[in-house]
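# Tertiary structure, described
Chain by chain, the residues run as shown.
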Number of protein chains: 2
Amino acid sequence: MTGPAEAPLPAGAGLAGGVGGPDTLEPLLAVVLSALRDGAVRRDGPLPAGGPAAVAEGLAGLLAPQSLLPDTGDPQALRLLTEALAATAADPADPYCAAHLHVPPLAVAAAADLAASALNASLDSWDQAPGSTSVELAVLRVLAGLVGFARPEAAVGVLTSGGTESNLMGLLLARDSAAKDSGAAARLTVHCSTAAHFSLARAASILGLGADAVVPVDTDPDGRMDPRLLDWGLADTRAAGRTPVCVVATAGTTDLGAIDPLPVIGAVARRHGVRLHVDAAYGGGALFSRRLAPLLAGLGEADTIGLDLHKLGWQPIAAGVLLARDAALLAPLEQRVAYLNPEDDEGAGYTSLLGRSLRTTRRADAFKIAVTLRTLGRDGLGALVDRCHDLARAAAERIDAEPALELTAAPVLSTVLFRYLPARADPDRVNAALRRRLLADGTAVVGRTVLGEGPGSVRLKLTLLNPHTTTADLDRLLARVRSAGAEMEAEAEAENEAEAAQEDQESNS
Amino acid sequence: MTGPAEAPLPAGAGLAGGVGGPDTLEPLLAVVLSALRDGAVRRDGPLPAGGPAAVAEGLAGLLAPQSLLPDTGDPQALRLLTEALAATAADPADPYCAAHLHVPPLAVAAAADLAASALNASLDSWDQAPGSTSVELAVLRVLAGLVGFARPEAAVGVLTSGGTESNLMGLLLARDSAAKDSGAAARLTVHCSTAAHFSLARAASILGLGADAVVPVDTDPDGRMDPRLLDWGLADTRAAGRTPVCVVATAGTTDLGAIDPLPVIGAVARRHGVRLHVDAAYGGGALFSRRLAPLLAGLGEADTIGLDLHKLGWQPIAAGVLLARDAALLAPLEQRVAYLNPEDDEGAGYTSLLGRSLRTTRRADAFKIAVTLRTLGRDGLGALVDRCHDLARAAAERIDAEPALELTAAPVLSTVLFRYLPARADPDRVNAALRRRLLADGTAVVGRTVLGEGPGSVRLKLTLLNPHTTTADLDRLLARVRSAGAEMEAEAEAENEAEAAQEDQESNS
């Protein structure tokens, strides 16, 4: 019997799994750790200095096509590329990297995720993921209890790539509960606040709902959906011959961290017979905190809920979750595929999670969550949430006390909106420019957004998700913002004066 | 100025990133490696013995709600859960785990993925992913060259969660190039072979295309789309007042590994003015092999292409890729979001990849691919592909030589379809049962599918993706299949005899 000539495999072909995997991984992990150290030292701050051009240029040699895919392999690749990646990262573990819902992951979660990589379970069939299937179900069970569903034992869910996918699924399930044909889909509507995440409009477009399917509901001055306006909007929509299929409440808007009044919204949705999806991608993590959990009262009334443990949960990306109050709600996703979940195999107990996800191949993202939940416990995770909330309040207090800065609102969760107040120059221009200056200097990553529309709407944002950040760090970070602001203000004024002088000259000539 | 009481953080709160991250990770990684070793030894084979009930029961204590989320954390969680995960894995690094397109990941890729976890870049804005943005663009550039686009410099792409998402995106882009309103979407059609992946029908349903939007095209006896039937199907569809928007060719079907005749299909699609998407999730990796790359001739004529480097590419999940011939094809995905990619920031060079993906938060999956490409080089990756192809041919030869087994077809890539031939018992029942027996024994993970319909359609499948597997392993694996087959055949015959005896008795009484 002939067979492949069993010639030696190429260098670098060692596997992460099996009994021998750990021995193969060990020296490679040492290379990664050492390269991460060297890269972080080389970066020397929250992000590399020099802005996009400098970063791209610095990497150009390493990333040129012939370097990236040479004919013959390069055993130094792991060291070279890892050091380069660390040297060019915006590292959320640095206290001055505080722009986005972009967390510094817990080491224990990153270590657990290595196990998921090495074993490479895929959740689309039991025979690719025996234990991982149980782990995912157990994590979902715990989270279903945490959100306060009335009958957590009836709930189901699935891991997602994040709030965007969870929102897509929430809307898909609502759509398919209402309409089987796409003609009818054009008349369906989804109701959410004007501060809801942009992924809802995107989801509606993916799902082929009409261009005006998303009906925005105005917010109160704190950025929370006005339930009375929701009520009227639902009635008006129906009166106009369209069919509301979903109300989406937000528990933690991206900018203000505002939490829609869930109990009242739930009551309005129920009265109108419309499904309630809650986008708790950001705010859901507050459930770990005994201090903040009450803000989410009413969450358990939702039909479907999205949570992101890669936000307040400190997981490496991705760790999104969709929960459904009842298994029947996920029915539209059911799939029967001969090579993955034949009926007689499922009958024999070989459970497949294929029919819960929009994906087929799917990484065991639940594993790192499981390890984190048990390592820290609810009190430990709650302490991290509380620390970030404390940091946000401390930052707000400092901003409020500083005449050159204007606080937009008291923080709800862990974001703080504010702006630098120039004496004469255009504040929007100065704030946008000061943020870019900090990025280009490599000294801080501060967020930026708009609140409302038109002139004066640009805001800076701190998203404080690093529990190791200290108040001294906040003082230094805000001092940098102020000094960059003063610098940009001076530049803007100098430009204005130069323009004015030029105009004078032109009008005099 | 008050601030958070800087009390010590809870145990387990150490971060993976920053200058100190590697020191925090180091002991945790040692725990993971040791637990992976212990778990693999405890598992003692490709998967745990005992089937789903035994696996669930073995994990029940560890995964009970109070164990998984106790009030107080447990520093042993990482070790306990990792060992349990390894002990209950279906580990593709074991030569007897050969069912699915479920690869044993390369250690170098898993190690690189740890760096992605630790730094936690998110690709939705430059200021969360400075270097990672460059890495993703570079990986896409190399792959655009590899697939043979005529103008690779004009091509763009994005990392995806896998073929399912790539197919969804291919169809979404085609839909949005044709119809802006959902009324029109109901008349759009997508044409693919009957052997194309089920995710296409799912994508059509997500996108709100009509229930009969996917028009199947019959295959030749080798499982490849018949381009003449495609041609007629496109013409008939238009004649019926509907609008074909996309032809989807498959380069590597899940079961047979069949590659549709891309050059002819491309010509037919062009003649009809219909977009061509190629699902090369499985077959795309053959491009690394100088021997097999010619099978993919014509791939570069596609408008969009899906590749999965977590298949022939040996990446930990996920490593999907969508490539588009021209940047303009991705225009429907554009997004302008105040907090992520304001126009003046993009103008200043702060590139955001937000507008290329269906996701918002997105892990730096390109990094592990970059490290793998450079570590192995094209020749190294090609050697791994060739080895798997050799293994498939060797398995086919052995099956063909064995009277108790029936080979379905000569392998194209690395899958082998076959079945056990019982003398009298129902072959479908015996083959399904023998596979479950191997799973329950914990001795082998063999795939199962159906070819055609009705009685006699059940097939077993080997998907040979472990380049470390030897021909001696194949011999042992096939011997196990034969002995499980004989056992199941005997059981089925005994049951049949018992039933016959009972019937006799009943008819005699």
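Coordinates for the structure precede this section.
Residues numbered from 1 in each chain as written. Chains lettered and ligands numbered in written order. Predicted model: local features only at pLDDT ≥ 70, side-chain atom pairs only at ≥ 80, totals over all residues. Heavy atoms only, no water.

## Some words on the nonpolar core
Membership of the largest hydrophobic core comes to 200 residues, with the highest contact counts inside it found for V278 and I305 of chain A together with V278 and I305 of chain B. Those residues in contact with I305 of chain A, other than ones at most four positions away along the chain, are V147, F149, H277, V278, A280, L299, V321, L322 and L323 of chain A. Residues L168, L173 and A196 of chain A together with V156 of chain B belong to the second largest nonpolar core, which totals 58 residues. (Core = buried A, V, L, I, M, F, W, Y, C linked by side-chain atoms within 4.5 Å. Buried < 20%, exposed > 50% of the residue type's maximum accessible area, 1.4 Å probe, protein only. Contact = heavy atoms within 4.5 Å.)

## Side note on the sheet that holds strand β10 (residues 415-420) of chain A
One key point about sheets: their strands pair by backbone hydrogen bonds, in either a parallel or an antiparallel sense. Residues and elements named next belong to chain A. The strand order across the open sheet formed by five strands is β1-β11-β12-β10-β9, and the pairing between neighbours is mixed. Of all the strands in the sheet, the pair left with one neighbour each is β1 (97-98) and β9 (405-407). Together, β9, β10 and β12 (458-463) form the strand contacts of helix α13 (residues 366-400), whose direction differs from that of β10 by roughly 20°. Against the sheet, helix α14 (residues 427-441) touches β10, β11 (445-450) and β12, its axis set at about 155° to β11. (Pairing = 2+ DSSP bridges. Helix = DSSP H or I, 4+ residues; strand = E, 2+ residues; numbered from the N terminus. Axes fitted to C-alpha atoms, helices over the stretch in contact; angles between N-to-C directions.)

## A look at the interface of chain B and chain A
Taken together, the contacts link 181 residues of chain B with 181 residues of chain A. Overall, the association of chain B and chain A removes approximately 15,300 Å² of surface from exposure, summing both partners, and the carbon and sulfur fraction of that is 64%. A salt bridge links R436 of chain B to D345 of chain A, with the nearest nitrogen and oxygen atoms 2.8 Å apart. Here chain B is connected to chain A by 74 residue pairs in polar contact (both at pLDDT 80 or more). A per-element tally of the side of chain B that touches chain A places helix α13 (residues 365-400) of chain B first, with 20 residues. Among the residues forming the side of chain B that touches chain A, the class breakdown is 101 nonpolar, 47 polar and 33 charged. (Buried area = accessible area lost by both parts, 1.4 Å probe. Salt bridge = Lys/Arg side-chain N within 4 Å of Asp/Glu carboxyl O. Polar contact = N/O pair within 3.5 Å; in protein donor to acceptor, adjacent residues only side chain to side chain. Nonpolar A, V, L, I, M, F, W, Y, C, P; charged D, E, K, R; others polar.)

## So, the pattern of salt bridges
One pass over the full model with this rule turns up 82 salt bridges over all chains. A salt bridge links R151 of chain A to E153 of chain A, with the shortest nitrogen-to-oxygen separation between them at 3.8 Å. With relative accessibility at 48%, the residue R151 of chain A sits in the partly exposed group. A salt bridge links D220 of chain B to R224 of chain B; its shortest N-O distance comes to 3.2 Å. Among the residues examined, D220 of chain B registers a relative accessible area of 22% and is labelled partly exposed. Residue classification places R224 of chain B among the partly exposed residues on the basis of a relative accessible area of 33%. In the salt-bridge network here, residues are joined through shared partners; they are D113, R363, D365 and K368 of chain A together with D113, R363, D365 and K368 of chain B.

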